[in-house]
Amino acid sequence: MIKSSSPTKLPFSSLVQKLSPVPTRLLQRLVVENDLRTGVDIGCGEYSILSAMRSERFRTTGLDAFPATIESCRAKNTHDDYICADFLKQDLNQQFDVVVLNHVIEHFDRDTGFEVLRRLEAMARRVVYIGTPNGFIEQMGYGGNPFQRHLSGWFPHDFESRGYNVFGFGPKVLRGVQGRPKYFPEPVVVFIERATRWYFYRRPAKSNSMGAIKYIDADGNVRQLRG
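Notes on the structure follow.

So, how was this worked out
- Residues numbered from 1 in each chain as written.
- Predicted model: local features only at pLDDT ≥ 70, side-chain atom pairs only at ≥ 80, totals over all residues.
- Heavy atoms only, no water.
- Helix = DSSP H or I, 4+ residues; strand = E, 2+ residues; numbered from the N terminus.
- Rg over C-alpha atoms; globule rule 2.2 N^0.38 Å.
- Buried < 20%, exposed > 50% of the residue type's maximum accessible area, 1.4 Å probe, protein only.
- Contact = heavy atoms within 4.5 Å.
- Pairing = 2+ DSSP bridges.
- Right-handed = clockwise from strand over helix to strand, strands pointing away.
- Polar contact = N/O pair within 3.5 Å; in protein donor to acceptor, adjacent residues only side chain to side chain.

### A few points about the overall build of the protein
Moving on, step 1. For the protein, the helix and strand inventory stands at seven helices and eight strands.
Moving on, step 2. Against the compact-globule benchmark of 17 Å for 227 residues, the protein has a radius of gyration of 17 Å, which places it among compact chains.
Moving on, step 3. Seen along its three principal axes, the alpha-carbon backbone of the protein occupies a region of about 45 × 40 × 35 Å.
Moving on, step 4. Counting all 227 residues of the protein, 48% fall into the buried class.
Moving on, step 5. Partitioning the contacts of the protein with sequence separation of at least 6, the portion at a separation of at least 24 is 66%.

### Points about helix H2 (residues 23–33)
Moving on, step 1. Among the eleven residues of H2, eight are classified as buried, and the element is accordingly described as predominantly covered.
Moving on, step 2. Among all positions of H2, only Pro23, Arg25, Leu26, Leu27, Gln28, Leu30, Val31 and Val32 are buried.
Moving on, step 3. Next to the buried residues of H2 lie helix H1 (14–19), strand S4 (96–102), strand S5 (124–133), strand S6 (165–171), helix H7 (197–200) and strand S7 (207–216).
Moving on, step 4. Trailing H2 by a residue or two, Asp35 shows a phi angle of about 55°, which is positive.

### Topic: the pairing of S5
Regular strands have side chains that alternate between both faces of the sheet.
Moving on, step 1. Counting buried positions over the ten residues of S5 gives nine, a clear majority of the element.
Moving on, step 2. With six bridges joining them, S4 and S5 adopt parallel strand pairing. Paired with Val100 across the bridge in S5 is Tyr129.
Moving on, step 3. In this region the chain leaves S4, passes through helix H4 (residues 110–123) and returns to the parallel neighbour S5; the handedness of that crossover is right-handed.

### A closer look at the environment of Asp158
Moving on, step 1. Among the structural elements, Asp158 can be located in helix H5 (residues 156–160).
Moving on, step 2. For Asp158, a relative accessible area of 6% corresponds to the buried category.
Moving on, step 3. Between the C-alpha atoms of Asp158 and Ser55, which are 103 residues apart in sequence, the distance is 33 Å.
Moving on, step 4. The contact partners of Asp158, leaving out residues within four places of it in the chain, are Arg110, Phe114 and Gly153.
Moving on, step 5. Looking at Asp158, its side chain comes within polar contact range of the side chain of Arg110, at 2.9 Å.
Moving on, step 6. A polar contact of 2.8 Å, which involves the side chain of Asp158, links it to the backbone nitrogen of Phe155.

### Looking at the environment of Trp154
Moving on, step 1. Of note, Trp154 is situated in the loop between S5 and H5.
Moving on, step 2. Of the residues examined, Trp154 reaches a relative accessible area of 0% and is grouped as buried.
Moving on, step 3. In the structure, Trp154 is positioned 44 residues away from Arg110 in sequence and 8.4 Å away in space, judged by C-alpha atoms.
Moving on, step 4. Residues in contact with Trp154, not counting those within four places in the same chain, are Ile105, Glu106, Arg110, Gly113, Phe114, Leu117, Thr132, Pro133, Asn134, Gly135, Phe159 and Met210.
Moving on, step 5. A distance of 2.8 Å separates polar atoms of two side chains, one belonging to Trp154 and the other to Ser152.

This is how it looks when you write it as structure tokens:
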């Protein structure tokens, strides 16, 4: 857990981001540099990219429609606060500085996905972060959970047309159905993905997955990011 006493002191090395860039570090930089205070992870699961950003200055909330998921997150101390609700069916009338939807939008059909985007953007004061595969990747339900099935594919232009900055991760050719490795063992694929971050970060159309960030400045203007 980050315990930053200064909103201007970055909790990571800018050199590391330059050599091995990932969109989640850029999100972290935006939180710190803009002294953002609240974040929500929708469809949170037991792992959240916001968890590493928790501090005395930045408070996170996990939102999920399933009580069992909320209780599992609570047991693992993933967030500070929790909301059990279906944000597509309920008007929460809450806003957060940062809104995250990480590998969730592909579980909706396209029409529903655009409504998801509309609601996310209405909830966010400053930043929206969306993580998703690049294009459609087949995935069926598993672990007794039919909602794990992928129903749609998303592309960089879907987000860029809405003012998002889109960054890539990993070569698309290495993974197939269920995100499983196609040619090499998982440890080899992970090594290649990490070694090539610098290349695919700026080439989301060639990447296996992407992180889309919509950044709104203090005056309400949508801004482009250098990354």
